[in-house]
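What the coordinates show
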Amino acid sequence: MQGVEASVTPWEVKGEVDYDQLITQFGVEPLNDELIGRLSKHAGAVHPFLKRGLFFAHREFGDWMNSYENGTRVVLYTGRGPSGQTHLGHLIPWIFTKYLQDAFGAELYFQMTDDEKYLISPDLTREDIAGYTYENILDIIAVGFDPQKTKIFTNLGYSRHIYNIATRVAKHVTFSTAKATFGFTESSNIGIIFFPAMQSAPCFLHQELEKEDAHVLIPCAIDQEPYWRIARDVAPKLGYRKPAGIYSKFIPGLGKGGKMSASIPETCIFLSDTEAEARSKIKDAFTGGQPTIREQKEKGGDPGVCIVYNYLFSLFEEEDTKVAEICNLCRTGGIMCGECKRMLAEKVASFLRDHQKRRGEARSRVEQFLLRE
Ligand code: TRP
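This section reports on the structure supplied with the text. (Residues numbered from 1 in each chain as written. Predicted model: local features only at pLDDT ≥ 70, side-chain atom pairs only at ≥ 80, totals over all residues. Heavy atoms only, no water.)

With respect to the nonpolar core
Grouped together as the largest cluster of nonpolar side chains are 69 residues, with contacts concentrated most on Leu-88 and Tyr-311. Looking at which element gives the most residues to this core, the answer is helix 5 (residues 88-104), with 9 residues. Contact partners of Tyr-311, with chain neighbours within four places excluded, come to Leu-88, Ile-251, Pro-252, Gly-253, Leu-254, Met-260, Ile-269, Phe-316 and Leu-344. The next biggest cluster of nonpolar side chains, apart from the first, holds 46 residues, and it includes Ile-165, Phe-184, Ile-222 and Tyr-247. (Core = buried A, V, L, I, M, F, W, Y, C linked by side-chain atoms within 4.5 Å. Buried < 20%, exposed > 50% of the residue type's maximum accessible area, 1.4 Å probe, protein only. Helix = DSSP H or I, 4+ residues; strand = E, 2+ residues; numbered from the N terminus. Contact = heavy atoms within 4.5 Å.)

This is the structure in structure tokens:
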């Protein structure tokens, strides 16, 4: 996109993201067929997110699987910043984390950064954040994590344990490193400057609580990588293994350009959307179609830029032959945008129905998952 320089940091993703360039910039590795093959063997199936390239990069994921294979304890760590309602994009790493939990029988530590979102959002009160924290936890539970193996905690509610580790991390992180890594300035508040230590701390939580060695894997979107640079630097100084990571792309919003973002609600599918709301947003989605049906039939459309095709490909159509067929039909003018939109809307509606049902059931199960002091 002209004029908008791409930038990816934990607090801002703007412009057209070039994922190959991010791999170089962040110093991570592309996920290769060998690793995907090994993971799929443990899991019993290739996850569609791997097949369709939604998870695309990693750090020492092979070493983490080595640990699993040679009997070292492996655990998972991910998180959520409760700054608003959950949308489809947030769910990608969580769905994949569940796949990893099932494949490796691993314990999962799930951090809710209520402190971060309070510190970073000028307009959110503590009450707002507490409300989102509870609502977001319902969405997390609805993904289907194993209650026996999943520990959700909030930084404010579980601060004794997290702060304990965070201070030890923080002692090894200079302000100049934090500035360079996160872009803090003179006007950043001092809470957010300390926060990277709070997000790094759970990399060592299992080891602290259980008093045992463990190899941690963090499944998350690529924008969180700067935190793990800090955690990996500090780990050996505190006597821990460096955490490994496996990283996803962002899913685009339904409009033209940009990732899905709660701040542009008309191009964002919230998990709380009614079927009618979701259908109407999809109806207005950006496609690769021609201005008229006649032109579409003559010239065909461009699935390469089409958001509807992108969603079918990345998230909602698991059959390889089916996506290939849709792609071909589009290119040759054999299918109109309305039809693709209807196809996607059906899938999204059925997904939302299932999710909302599980979310309702989660209300009575929160305590099973919550770590308390
Ligand atoms: N900072 C993340 C956010 O804004 C939340 C988070 C905390 C997280 N710990 C994490 C995300 C670990 C991924 C992995 O959403």
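There's more to say after this.
Some points on the pairing of strand 5 (residues 74-80)
Side chains on a regular strand alternate between the two faces of the sheet. For strand 5, a buried count of 6 out of 7 residues is recorded, marking the element as mostly surrounded by other parts of the structure. Of the strand pairs in this sheet, strand 5 and strand 6 (residues 107-112) are connected by 6 bridges, and their pairing is parallel. Bridge assignment links Thr-78 to a residue of strand 6, and that residue is Phe-110. Regarding topology, helix 5 serves as the crossover connection from strand 5 to the parallel strand 6, and that connection is right-handed. (Pairing = 2+ DSSP bridges. Right-handed = clockwise from strand over helix to strand, strands pointing away.)

Details of the packing of helix 15 (residues 307-316) against helix 16 (residues 320-331)
In contact at an axis separation of 10 Å, helix 15 and helix 16 are set at 165 degrees when each is read in the N-to-C sense. Put simply, helix 15 runs roughly antiparallel to helix 16. When the axes of helix 15 and helix 16 are compared, the crossing they make is left-handed. Here Tyr-309, Leu-312 and Phe-313 of helix 15 come into contact with helix 16, specifically with Val-323, Ile-326 and Cys-327. Grouping the amino acids of the contact of helix 15 with helix 16 by side-chain chemistry returns 6 nonpolar, no polar and no charged. (Axes fitted to C-alpha atoms, helices over the stretch in contact; angles between N-to-C directions. Parallel < 35°, antiparallel > 145°, perpendicular 65-115°, else oblique. Left-handed = near helix turned anticlockwise from the far one by under 90°. Nonpolar A, V, L, I, M, F, W, Y, C, P; charged D, E, K, R; others polar.)

Side note on unusual backbone geometry
Positive phi, normally seen in glycine, also occurs at Glu-60, with a value near 55 degrees. One non-glycine residue, Lys-211, lies in the positive phi region at around 50 degrees. You can see Lys-211 is positioned in the loop between helix 11 (205-210) and strand 8 (215-221). Given a relative accessible area of 66%, Lys-211 falls into the exposed group.

Some thoughts on the site of the ligand
Around the ligand there are 14 residues in total, and Tyr-77, Gln-111, Glu-116, Gln-199 and Gln-224 lie nearest to it. Between the ligand and Gly-81, the relevant distance is 3.1 Å, taken from an oxygen atom to a main-chain nitrogen or oxygen of the residue. Protein chains bury 91% of the 360 Å² of accessible surface belonging to the ligand in isolation. Per-element accounting of the shell around the ligand gives the leading share, 4 residues, to strand 5. (Near = heavy atom within 4 Å. Polar contact = N/O pair within 3.5 Å; in protein donor to acceptor, adjacent residues only side chain to side chain. Areas by Shrake-Rupley, 256 points an atom, 1.4 Å probe, with all protein chains shown as cover.)

Observations regarding the sheet that holds strand 8
In spatial order, the strands read 3-4-9-8-5-6-7; together these 7 strands make up an open sheet with mixed pairing. Strands with a single pairing partner mark the edges of an open sheet, and in this sheet they are strand 3 (29-30) and strand 7 (150-154). Helix 5 contacts strand 4 (55-59), strand 5, strand 6, strand 7, strand 8 and strand 9 (244-248) of the sheet and is inclined by roughly 165 degrees relative to strand 5.

Brief notes about the pattern of salt bridges
What the rule picks out here adds up to 24 salt bridges. A salt bridge links Lys-357 to Glu-361; the shortest N-O distance between them is 3.4 Å. Taken together, the positions of Lys-357 and Glu-361, both in helix 17 (residues 337-362) and 4 residues apart, correspond to about one turn of that helix. Judged by its relative accessible area of 59%, Lys-357 falls in the exposed class. (Salt bridge = Lys/Arg side-chain N within 4 Å of Asp/Glu carboxyl O.)

Topic: the packing of aromatic side chains
Considering all chains together, one arrives at 22 aromatic pairs under this definition. Ring plane angle 20 degrees and centroid distance 6.1 Å describe the contact between Phe-61 and Trp-64, whose orientation is recorded as stacked. Of this pair, Phe-61 and Trp-64 both sit in helix 4 (residues 61-69), separated by 3 residues, roughly a single helical turn. Accessibility classification places Phe-61 together with Trp-64 in one group, the buried group. (Phe/Tyr/Trp six-rings, centres within 6.5 Å; stacked < 30°, edge-to-face > 60°.)

Considerations on the packing of helix 10 (residues 190-200) against helix 12 (residues 225-238)
Contact geometry of helix 10 with helix 12 gives a least axis separation of 9 Å together with a crossing angle of 75 degrees. Between helix 10 and helix 12, the crossing angle belongs to the class labelled roughly perpendicular. Along the contact surface, helix 10 presents Phe-195, Pro-196, Gln-199 and Ser-200, while helix 12 presents Tyr-227, Trp-228, Ile-230 and Ala-231. Broken down by class, the residue content of the contact of helix 10 with helix 12 amounts to 6 nonpolar, 2 polar and no charged.

A few points about the pairing of strand 8
Among the 7 residues of strand 8, 7 are classified as buried, and the element is accordingly described as predominantly covered. Relative to strand 8, strand 5 is paired through 3 bridges, and the arrangement is parallel. Its bridge partner being in strand 8, Leu-76 is matched across the sheet by Leu-217. Bridge count for strand 8 against strand 9 is 5 bridges, and the pairing is parallel.

Some points on helix 16
Taking 1.5 Å as the rise per residue, helix 16 with 12 residues should run 16 Å; its terminal C-alpha atoms sit 17 Å apart, in good agreement. For helix 16, the secondary structure elements touched by its buried residues are helix 15 and helix 17. Of the residues trailing helix 16, Gly-333 is marked for its positive phi of about 75 degrees. (Expected span 1.5 Å × (residues − 1).)

Let's talk about the side chain of Asp-139
Within the element layout of this structure, Asp-139 appears in helix 7 (residues 126-142). Taking the relative accessible area as the measure of exposure, Asp-139 reaches 2% and is therefore buried. The contacts of Asp-139, once residues within four sequence positions are left out, are Thr-86, Trp-94, Leu-271, His-355 and Arg-359.

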